[in-house]
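# A look at the structure
Now for the letters of each chain:
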Amino acid sequence: MLNGVPARGHLTPDLFNGLTPLAWQLDDARLQDEVRTFVDYVVSSQREDGRFGPPQVEEEPYRSVVDLGRSKALEALIAYHDVTGDERVIELVRRYFVGHLATFREHDQPGWLNNTVLQENLVAGIWLYERTHDSSLRDVLLDMCHLDESQSRWPDAIREGTVAVNHGYAIAHGLKYAALRYLLEGDEADLAGTEAILEALDTEYGQIGGRYAAHECLPPEDGRAPTHGTELCDVVEHMYSLEKIFEVSGRASLGDRLEELAFNALPGAVTGDFWAHQYDQQANQVLVSRAKREFDNGPEANLYGLMPNYVCCTANMHHGWPRFVQHMWMATHDGGVVAFAYGPSEVTFGTGDGVEVTLREDTEYPFDGAITFTIEASASARFPILLRIPGWTDSDLGLSATVRVRGKVRQAESGTFVRLEETWEPGEVISLSFPIHGVTPEIRSDSSVALRRGPLYLALRVESEYVELAHYALGARDWEIRPTSPWNVTPMVHPGHPHGHVEVTDTRNPLTRLPFAARGEPIYDPITGGWAPWPHSEPVVLTMPARLVRNWRMHPVWPIAGRIPVRPELDEREVQIELVPYGSTRLRVAEFPRIDRVC
Ligand SMILES: [Zn+2]
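In this report, we go over the structure that sits alongside the text.

The rules behind each value
The residue numbering used here restarts from 1 in each chain and proceeds along that chain's sequence as written. Where local features are concerned, this predicted model is filtered to residues with pLDDT of at least 70; where side-chain atom pairs are given and counted, the filter is 80 or more; whole-chain, interface and lining totals use all residues. The side-chain values count all of the structure's non-hydrogen atoms but skip hydrogen atoms and water molecules. Coordination partners: N, O, S within 2.8 Å of the metal, 3.2 Å for Na, K and Ca; water not considered, so apparent gaps in a site are possible. Sites are called tetrahedral only when four donors show all angles between 85 and 135 degrees, square planar or octahedral only when four or six donors show opposite pairs over 155 degrees and all other angles between 65 and 115, and irregular in any remaining case. Pairs of strands are assigned from DSSP output, requiring at least two bridges between the strands. The helix and strand labels rest on DSSP assignments: H or I over at least four residues marks a helix, E over at least two residues marks a strand, and numbering proceeds from the N terminus. Using protein atoms alone on a 1 Å grid, points that fit a 1.4 Å probe yet trap it form a cavity, whereas open point sets bounded by protein on both sides within 12 Å along at least five of seven lines form a pocket; residues with an atom within 4 Å of a point count as lining. Grid points are joined across faces, edges and corners, and a volume is the space filled by probe spheres set on the points. Three classes are used, and their members are as follows: Ala, Val, Leu, Ile, Met, Phe, Trp, Tyr, Cys and Pro are nonpolar, Asp, Glu, Lys and Arg are charged, and the others, Gly among them, are polar. In this text, buried Ala, Val, Leu, Ile, Met, Phe, Trp, Tyr and Cys residues form a nonpolar core when linked through side-chain atoms within 4.5 Å. Any residue under 20% of the maximum accessible area for its type is buried, any over 50% is exposed, and the rest in between are partly exposed; the area is computed with a 1.4 Å probe on protein chains only. Every residue pair with non-hydrogen atoms within 4.5 Å of one another is taken to be in contact. Angles here are taken between N-to-C directions and fall from 0 to 180 degrees, while the axes themselves are lines fitted to C-alpha atoms, restricted in helices to the stretch in contact. Two aromatic rings from Phe, Tyr or Trp, using only the six-membered ring of Trp, form a pair when their centres are within 6.5 Å; if the ring planes differ by under 30 degrees the pair is stacked, by over 60 it is edge-to-face, and anything between is tilted. Geometrically, a charge over a ring is one whose NZ (Lys) or CZ (Arg) sits within 6 Å of the ring centre while staying within 35 degrees of the ring normal. Take a side-chain nitrogen of Lys or Arg and a carboxyl oxygen of Asp or Glu: if they are within 4 Å of each other, that pair is a salt bridge. Under this scheme an angle from 65 to 115 degrees is roughly perpendicular, one under 35 degrees roughly parallel, and one over 145 degrees roughly antiparallel; angles in between are oblique. Definitions for this section: a left-handed crossing has its near helix turned counterclockwise from the far helix by less than a right angle. A right-handed crossing has that turn clockwise. Patch membership is restricted to residues that have no salt bridge and whose relative accessible area is over 30%. Joining uses 9 Å for like charges and 5 Å for the nonpolar side chains Val, Leu, Ile, Met, Phe, Trp and Tyr. Calculation of accessible area relied on Shrake-Rupley with a 1.4 Å probe; when residues are assessed, cover is drawn exclusively from the protein chains displayed. Note that His is not counted, nor are the chain ends; the positive residues are Lys and Arg, and the negative ones are Asp and Glu. We put the charge of a Lys on NZ, of an Arg on CZ, of an Asp on CG and of a Glu on CD.

### A short note on the coordination of the zinc ion
For the zinc ion, every protein donor is listed as Glu231 (OE), Cys233 (SG), Cys312 (SG) and Cys313 (SG), and the spread of their distances is 2.0 to 2.3 Å. Metal-centred angles of 98 to 123 degrees between the 4 donor atoms at the zinc ion mark the site as tetrahedral.

Structure (C-alpha cells):
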C-alpha cells in the first residue's frame, strides 16, 4: 500500500486519516491490515528526538507541511487507538511532544501557514493530556495555542478583507483552534470568537451548502458570488473542525452547519460512485471543462477527475464521511448520548449502571423527515437522549419538528436539543419527525434566491454530456461535462413567501446503493470493469413552473455563468423544470434570479 503513494509532506498521513475510521466502520479486514501496516511503520520509524516518518521529509523546504503531515498521522493513530486500544500510540504521541514539539519555537519557521498548521497538533496533544494530565505537556500546548495571536482578530480581518491567513485550507483547520484553547484555559471569549469567525465567513464568503468561497485563497471581491469555487479539502477539513468545536461547545447550530456540508457540498464535488472529484466546486456550475477560470487554481481545478489541479484533495476527500459517522453520536457528561447529526446508524454504549445499550436509528434522512430510534438492551436502563432540532425547522412557517415518546407527541423548538430522560425498556421506540417537503426560499442577495428542502439545497437538473479526457486505472477518469439543456431559467418561486407560493410536485423515489448519483451519469462497475449511465432517479425530484431568463448568459470572459441579473427579463412561455438535491448534480444552477425583481 505504501508503494506508489508519495511519502512526502502530508499526503500519506491524509490517506490514513480517512482510511483508519473507515476500515473499522466497514469492518473490512483488508483495509484494517493496510492500517496496521501504516501504524507499525510509523511506530518503528520514531527517532530519538521523537520525530517519525521517512527521514528524507526532514529535508523538505516547508517545515509546516511536514509538521502538518505528522499531526494528521497522529489523528489517524488516535482513531486506531480508539478501536484497538494499542498502547504504542500513547507512547508515540508522548515521545513526539516531549522530544520534538516541546522545542518547536527553536525549529519552526515564521509565517502564518506554519503557525496555523503547527497548531493542528493540538488535537493529539489535548487527547494525550486528557489521559496523562502531565503539566509539562500542558505548558507546551498553551505555548502552541498562543503561537499566532493574530487569530483572535480573524472575525474583523475577514470582514475587512485583511486576514493574513487567507488560504482556505489553513482557515478550515484554524476554525477549531480557539475552541481547543478554551479546553485548556476556559476563556468564554474563545467560544464566542469561534462563532464570530463562522459568522464572518458566512457574511463575506458564504456559499450554498455551508461552505465558504476559497479557490485556494479567499476571493478578493464579491465573495458570495455563486460562481466562486471552494476546494474539496476545505469542505472536509471544515466538517472536521465543526465536529471538534461541537465536542467543546455543544451548540446545536454546529450540527446544522455540519449537515449542510455533508449532504450538499461534499457529494456535490464528487461523482455518485466516488471515482472522480473536483478540486473547486461552484453553486452555479453550468460547464465543467479544462479551462482557466477566475480561480487562483489551474485550468483543471473544475474537472471531475482523479487528481485535478493537485493531489491533495485525492488524499483528503475520503475522511469526510468516516469522520462524520464517527461524530454523529456523542456521549454526554451525565451518562447519556446526543444525536449531533442524523442518518441511518447505530451506536453502542455502556450506561452508568453497567447495561450495554444499542440505539438504532432508522431513516432516509436527509431525503425524508421520519426518524425512528429503537433501544436495544438486555435490561431496562436510565439515561438521557438528546436530539438536535435543526434551525431550519420553524413553527411560524408550519415547519415544526415533533417528537413522539410513549404515546405523547410534543413540538420541539428549533435550534435546541430535546432532552428525553426515562428508564428505557428494551425495544422502546422514539419517533422524530421533521417537516421535509416542498421548497423554502432563502434569499441570498439582492439579486438571487436559493431553494431548500430541509437540510438539502436544491439545484436545477441540467442535462449533460460526459466527455472522457483521461483514463487511469480501474474507474479513475477525468471528465469534462457539457450542458445539453438550458440552464438560464428561474423557478416561479416568490422569495418572500414561506413556501415560495408555487405549485410544486415533490416526488420521493426509492433510495439506491448510491444515494447521490445523478440520473444518467456514468457509473463504474468494479465487477465488470465497465461503465453505464445510472438508470435511477435521484431520491428527491421536484417539478415546478419556471421561465427562461433572456438577459442571463455565459460570462463574457470566463467559461462560467454570467452574473445573475438584478432585473431578470423573463420569457413569456412557462416551462416545467426539475430540481434535485445539490449533491446529486454535477452541472447545476442553485442560485436563481428573483422573480420579485422583474422589471
Ligand atoms: Zn485539496
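Additional details are given in the paragraphs that follow.
### So, the pairing of strand S22 (residues 540–548)
If a strand is regular, its side chains alternate between the two faces of the sheet. Of the pairings in the sheet, the one linking strand S18 (residues 489–491) to S22 comprises 3 bridges and is antiparallel in character. Directly across from Pro491, in S22, lies its bridge partner Ala546. For strand S19 (residues 505–508) and S22, the ladder comprises 4 bridges, and the chain directions are antiparallel. Residue pairing across strands places Asp506 opposite Leu542, the latter belonging to S22. Where S22 lies against strand S23 (residues 575–581), 5 bridges are found, and the strand directions are antiparallel. Looking at the pairing, Thr543 lines up with Glu578 of S23.

### Some points on the layout of surface pockets
Taken as a whole, the second largest pocket encloses approximately 1,100 Å³ of empty space. If you go around the second largest pocket, you meet 34 residues; those closest to its centre are Lys244, Glu247, His327, Met330 and Ala331. At the level of elements, helix H1 (11–25), helix H3 (63–84), helix H7 (122–132), helix H11 (177–185), helix H13 (232–249), helix H16 (320–327) and strand S3 (329–331) are the ones that each hand at least two residues to the lining of the second largest pocket. Residues of the lining of the second largest pocket, tallied by class, amount to 20 nonpolar, 7 polar and 7 charged.

### Section: the nonpolar core
When a protein is soluble and globular, its nonpolar side chains tend to lie buried together. Leu387, Ile430 and Phe434 are the most contacted members of the largest nonpolar core, which has 122 residues in total. Broken down by element, this core gets its largest block of residues, 9 residues, from H13. Once you skip the residues sitting within four places of it in the chain, Phe434 turns out to touch Tyr342, Tyr365, Gly369, Ile371, Arg388, Ile389, Pro390, Trp392, Thr393 and Ala401. With 42 residues, the next largest nonpolar core counts Phe16, Ala23, Val42 and Ile78 among its residues.

### As for the sheet that holds strand S9 (residues 401–405)
In space, the 6 strands of this open sheet follow the order S5-S6-S7-S12-S9-S10, with antiparallel pairing throughout. Both outer strands of the open sheet, strand S5 (345–350) and strand S10 (408–412), are each paired with one neighbouring strand and no more. Sheet twist, expressed as the mean angle between neighbouring strand axes with direction ignored, is 20 degrees. Pairing of strand S6 (residues 356–363) with strand S7 (residues 370–377), which is carried by 7 bridges, proceeds in the antiparallel orientation. From the neighbouring strand, Glu361 faces S7, where its bridge partner is Phe373.

### Digging into the packing of aromatic side chains
What describes a pair of aromatic rings is the distance from one ring centre to the other and the angle between the planes of the rings. Applying the stated rule across the entire model yields 24 aromatic pairs. Ring geometry for Tyr96 and Phe97: centres 6.2 Å apart, planes at 80 degrees, overall edge-to-face. A centroid spacing of 6.4 Å and a plane angle of 45 degrees characterise the contact between Phe383 and Trp424, whose relative ring orientation is tilted. Linking Phe383 in strand S8 (residues 381–389) with Trp424 in strand S11 (residues 416–424), this pair joins segments that are 41 residues apart in sequence. One exposure class covers both Phe383 and Trp424, and it is buried. Every member of this aromatic cluster is reached through a ring pair, and the members are Phe263, Trp321, Phe324, Trp329, Tyr342, Tyr365, Phe373, Trp392 and Phe434. Of note, Arg70 hangs over the ring of Phe52, and the distance from its end group to the ring centre comes to 5.8 Å.

### Things to note about the pattern of salt bridges
Applying the stated criterion to the full structure yields 44 salt bridges. With a shortest N-O distance of 3.8 Å, Glu75 and Lys72 are connected by a salt bridge. Taken as a pair, Glu75 and Lys72 lie in helix H3 at a separation of 3 residues, close to a single helical turn. For Lys72, a relative accessible area of 0% translates into the label buried. The partner of Arg257 in a salt bridge is Asp202, with the nearest N and O atoms 2.8 Å apart. With Arg257 in helix H14 (residues 252–268) and Asp202 in helix H12 (residues 188–205), this residue pair connects regions lying 55 residues apart in the sequence. Through salt bridges with shared partners, a single network forms among Lys72, Glu75, Glu120, Lys176 and Glu237.

### A word on the packing of H12 against H13
It is at 12 Å that the axes of H12 and H13 come closest, and there the two elements cross at 150 degrees. In terms of axis orientation, H12 runs roughly antiparallel to H13. For H12 against H13, the interelement crossing comes out left-handed. Residues Leu191, Thr194 and Leu198 of H12 form the contact with H13, whose participating residues are His238, Leu242, Ile245, Val248 and Ser249. Partitioning the contact of H12 with H13 into residue classes produces 5 nonpolar, 3 polar and no charged.

### Some details on the side chain of Arg452
Position of Arg452 among the secondary structure elements: in strand S14 (residues 448–453). Of the residues examined, Arg452 reaches a relative accessible area of 11% and is grouped as buried. Ignoring sequence-local partners within four residues, the contact set of Arg452 consists of Glu260, Trp392, Gly438, Val439, Thr440, Glu442, Tyr457 and Leu458.

### Remarks on a negative patch on the surface
A cluster of acidic side chains, namely Glu149, Glu185, Asp187 and Glu188, defines a negative patch on the protein surface. Relative to the helices and strands, Glu185 is located in helix H11. Overall, Glu185 belongs to the partly exposed group, its relative accessible area being 38%.

### Let's talk about unusual backbone geometry
In the segment running from Tyr365 into Pro366, the intervening peptide bond is cis, with an omega of 10 degrees. Inspection of the secondary structure assignment puts Pro366 in the loop between S6 and S7. Positive phi values are uncommon outside glycine, yet Leu474 reaches one of about 50 degrees. Relative to the assigned elements, Leu474 resides in the loop between strand S16 (464–471) and strand S17 (477–483). Taking relative accessible area as the criterion, Leu474 reaches 59% and is therefore assigned exposed.

### A closer look at the packing of helix H8 (residues 135–145) against H11
Closest axis-to-axis distance for the H8/H11 pair is 10 Å, and the angle between their directions is 140 degrees. Between H8 and H11, the angle is such that the two are oblique. When the axes of H8 and H11 are compared, the crossing they make is left-handed. Touching Arg138, Leu141, Leu142 and Cys145 of H8 are Arg181, Leu184 and Glu185, all from H11. Partitioning the contact of H8 with H11 into residue classes produces 4 nonpolar, no polar and 3 charged.

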